Amino acid sequence: MDDSEERLKLLKEARKLSGLPLDFWVDLTEGLPYSSLVILCGKSSILPKYMNSKVNS
């Protein structure tokens, strides 16, 4: 798995855990080093969820 596939996998997991859209995560993490991305996505479940989110936690 190359770097971009691993990043996408992390962003999709963050989307699932937080209920925030993938576009939000892409914009938020643009330009971050991989190590920072891992930390941020790992803590994504503590972010407030949108009330109308279609993602179940």
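Residues numbered from 1 in each chain as written. Predicted model: local features only at pLDDT ≥ 70, side-chain atom pairs only at ≥ 80, totals over all residues. Heavy atoms only, no water.

Regarding the packing of aromatic side chains
Counted by the stated rule, this structure contains one aromatic pair. Note on Phe24 and Trp25: the rings are 5.3 Å apart at their centroids and 85° apart in plane angle, and the pair reads as edge-to-face. (Phe/Tyr/Trp six-rings, centres within 6.5 Å; stacked < 30°, edge-to-face > 60°.)

Comments concerning helix 1 (residues 3–18)
When the terminal C-alpha atoms of helix 1 are compared, their 22 Å separation across 16 residues agrees well with the 22 Å that a helix rising 1.5 Å per residue should span. Burial in helix 1 covers these residues: Leu10, Leu11, Ala14 and Ser18. Each buried residue of helix 1 lies within a common arc of 100° when the element is viewed along its axis, so the set occupies one face. Those residues of helix 1 hidden inside the fold are in contact with helix 2 (22–29) and helix 3 (34–42). Taken from the residues just after helix 1, Gly19 is the one with a positive phi, measuring 80°. (Helix = DSSP H or I, 4+ residues; strand = E, 2+ residues; numbered from the N terminus. Expected span 1.5 Å × (residues − 1). Buried < 20%, exposed > 50% of the residue type's maximum accessible area, 1.4 Å probe, protein only. Arc of directions from axis to C-beta. Contact = heavy atoms within 4.5 Å.)

Considering the nonpolar core
In terms of nonpolar packing, the biggest core is built from seven residues, these being Leu10, Leu11, Ala14, Leu20, Trp25, Leu37 and Cys41. Residue contributions to this core peak at three residues, all from helix 1. In contact with Leu10, not counting residues within four places along its chain, are Tyr34, Leu37, Val38 and Cys41. (Core = buried A, V, L, I, M, F, W, Y, C linked by side-chain atoms within 4.5 Å.)

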